[in-house]
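Structure at a glance
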Amino acid sequence: MSAPLEQRRHLATAIPGPRSVELMGRKRAAVAQGVGTTMPVFALEAGGGIVRDVDGNSFIDLGSGIAVTTIGNSAPRVVEAVRRQVEEFTHTCFMVTPYEGYVAVAESLNELTPGDHDKRTALFNSGAEAVENAVKIARAHTKKQAVVAFDHAYHGRTNLTMAMTAKSMPYKSGFGPFSPEVYRAPLSYPYRDAKSVDGQVAAQRAITYIEKQVGADNLAAVVIEPIQGEGGFIVPAEGFLSGLATWCTANNVVFIADEVQSGFARTGEMFACEHDHVVPDLIVTAKGIAGGLPLSAVTGRAEMMDAAHVSGLGGTYGGNPIACAAALATIETIQADGLVERARQIERLMLDRLSRLQADDDRLGDVRGRGAMIAVELVKSGTDEPDPQLASAIAVAAHQAGVIVLTCGTYGNVLRFLPPLSISDDLLIDGLDVVAEAMGATQ
Ligand code: PLZ
């Protein structure tokens, strides 16, 4: 085992350093430009709350590789489980000769996801692939075709999930035509909705739209992120998700929660829909599920999951044994280390710090989120007009000072914080101080 990574922000060179600059040159010459870069620094090692680059710079990680390394990079139980599995076998294809790890992950997900009904699980590789499969399952179960997604939604980059994703640039522009029978309904967006639009009103607004423009008789599934990720960490008003779920049940429509970003202890519950006491018919998980290894899942009501005929679901790598070993170790880590509670502590620390900043600076239009999924929506002073330039100026300044932060939002004006739950309070406070300083410097 290599020495543990020192948990300290440290800049050894200008950002990016010379070795990263050289590697960026090679990237430009070898990798398609469509695959973008948030920060032009190349990672060498990562763990706890730190990512160290090839020039010896140590960054505070407030991104977790987009909400993936929730339990921390190279988390000890994951490293050990993966090492053991790699030595035993790396792949057989679960559809050819099955193995226990896959079944154990399915059992865990059936147990951990909301609701005590009979459940089944199928495993895949990426979030988008799992969302696609959830839609396949809903169509097979209802024998209907239409799918409703929401304003600001993000569900992936495959053809069907591009259709379900709201934002054109950079995700969809020029890549159509998109899958048919996908409709978009209005979301509950408390910061931008009129005061009179509470959760129930927003749910009714969406339901009316769905009934009038799609028709429950045609609708297989409503797919929603319980807390939106790429769309801006939008937490819907209380009553919105439950209103939709109730309507779905009454209308033979499958209610699918896309918890790819919000799942696995990230928000201070194992799954974000638990905050609203909503039990989805199908729940899609990925990202935080396996400590960084590619794995995703669809878990849901047995009668719906089993609607797809034998061999109708699958894929060469879905539920790869190494990823399954990592997932089991990840789940064990969340439970043994009390990481759901840790996410709540992180929420208190971040909301407290960011609300104090907001009190002195009205460009922080909204501070929102749950657990270790917290964001600031930036606006022009004295207005609610989105300010994407400010968001990117702050992000770039934070990067230069040694903090990894990401932006998001339909208008690109949201700074989001997704620290690993393995980060120390000291690092988190230092990271937020850097962000605050970056914000101050733009005044
Ligand atoms: N559903 C809610 O957040 C992935 C996308 C990064 P994949 N979000 C990060 C990018 O720019 O590609 C995501 C998500 C939600 C689905 C997905 C898709 O998951 O594993 O990236 O396919």
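My aim in this report is to walk through the structure given alongside it, one point at a time. Because the structure is predicted, anything quoted here is derived from the model rather than measured.

A separate point is the packing of helix H7 (residues 199–213) against helix H8 (residues 240–250). In contact at an axis separation of 7 Å, H7 and H8 are set at 35° when each is read in the N-to-C sense. In the packing of H7 onto H8, the handedness of the crossing is right-handed. On H8, the residues touching Gly199, Ala202, Ala203, Ala206, Ile207, Ile210 and Glu211 of H7 are Phe240, Gly243, Leu244 and Trp247. A breakdown of the residues in the contact of H7 with H8 according to their chemical character gives 8 nonpolar, 2 polar and 1 charged.

Bringing the site of the ligand into the picture now. What surrounds the ligand is a group of 15 residues, the closest being Gly127, Ala128, Arg157, Asp258 and Gln261. Between the ligand and Tyr154, the relevant distance is 3.2 Å, taken from an oxygen atom to a side-chain nitrogen or oxygen of the residue. Note that an oxygen atom of the ligand is positioned 2.8 Å from one of the side-chain N or O atoms of Gln261.

Compared with the 18 Å implied by 1.5 Å per residue over 13 residues, the 18 Å span of helix H4 (residues 100–112) between its first and last C-alpha is a close match. Within H4, the full set of buried residues consists of Tyr102, Ala104, Val105, Ala106, Ser108, Leu109, Asn110 and Leu112. In this fold, the buried residues of H4 make contact with strand S4 (119–124), strand S9 (282–285), strand S10 (296–301) and helix H10 (321–336).

Residue position: Gln345 is located in helix H11 (residues 339–360). In this structure the side chain of Gln345 is engaged in a polar contact, spanning 2.8 Å, whose partner is the side chain of Arg342.

This brings us to the pairing of strand S7 (residues 219–224). Burial within S7 is extensive, with 6 of its 6 residues counted as buried. Both strand S5 (residues 146–150) and S7 contribute to a ladder of 3 bridges, which runs parallel. Looking at S7, one finds that Ala146 is bridged to Leu219. Note: S7 against strand S8 (residues 254–258), 4 bridges, orientation parallel. Bridge pairing in S8 links Ala221 to Val254.

Moving on, we come to the side chain of Thr121. As for its placement among the helices and strands, Thr121 is situated in strand S4. Overall, Thr121 belongs to the buried group, its relative accessible area being 14%. In terms of polar contacts, Thr121 uses its side chain to reach the side chain of Asn110, at 2.7 Å. Only 2.8 Å separates the side chain of Thr121 from the side chain of Thr299, close enough to count as a polar contact. Residues within four places of Thr121 in sequence aside, it is in contact with Ala106, Leu109, Asn110, Ala297, Val298, Thr299 and Met305.

With omega at 5°, the peptide bond leading from Met169 into Pro170 counts as cis. Residue placement: Pro170 occurs in the loop between helix H6 (159–164) and strand S6 (182–185). Residue Pro177 is bonded to the preceding Gly176 through a cis peptide linkage, with omega at 5°. Tracing the backbone through its elements, the reader meets Pro177 in the loop between H6 and S6. Here Glu181, not a glycine, exhibits a phi torsion of approximately 65°, which is positive. Structurally, Glu181 can be placed in the loop between H6 and S6. One non-glycine residue, Phe233, adopts positive backbone phi at about 55°.

Alternating positions in strand S3 (residues 58–61) separate into two faces, Ser58 and Ile60 on one and Phe59 and Asp61 on the other, with burial throughout. Pairing of S3 with strand S13 (residues 403–404), which is carried by 2 bridges, proceeds in the parallel orientation. Opposite Ile60, over in S13, you have Val403 as the bridge partner.

Between H11 and helix H13 (residues 425–441), the shortest axis-to-axis distance is 11 Å and the interhelical angle comes to 25°. Taken together, the axis directions place H11 and H13 in an arrangement best described as roughly parallel. The element H11 and its partner H13 pack so that their crossing is right-handed. Residues Arg342, Ile346, Leu349, Met350, Arg353, Leu354 and Leu357 of H11 touch H13, and the partners they reach there are Asp425, Leu428, Ile429, Leu432, Asp433, Ala436 and Met439. Among the residues making up the contact of H11 with H13, the classes are represented as 10 nonpolar, no polar and 4 charged.

Scoring rules and cut-offs
Residues numbered from 1 in each chain as written. Predicted model: local features only at pLDDT ≥ 70, side-chain atom pairs only at ≥ 80, totals over all residues. Heavy atoms only, no water. Axes fitted to C-alpha atoms, helices over the stretch in contact; angles between N-to-C directions. Helix = DSSP H or I, 4+ residues; strand = E, 2+ residues; numbered from the N terminus. Left-handed = near helix turned anticlockwise from the far one by under 90°. Contact = heavy atoms within 4.5 Å. Nonpolar A, V, L, I, M, F, W, Y, C, P; charged D, E, K, R; others polar. Near = heavy atom within 4 Å. Polar contact = N/O pair within 3.5 Å; in protein donor to acceptor, adjacent residues only side chain to side chain. Expected span 1.5 Å × (residues − 1). Buried < 20%, exposed > 50% of the residue type's maximum accessible area, 1.4 Å probe, protein only. Pairing = 2+ DSSP bridges. Parallel < 35°, antiparallel > 145°, perpendicular 65-115°, else oblique.

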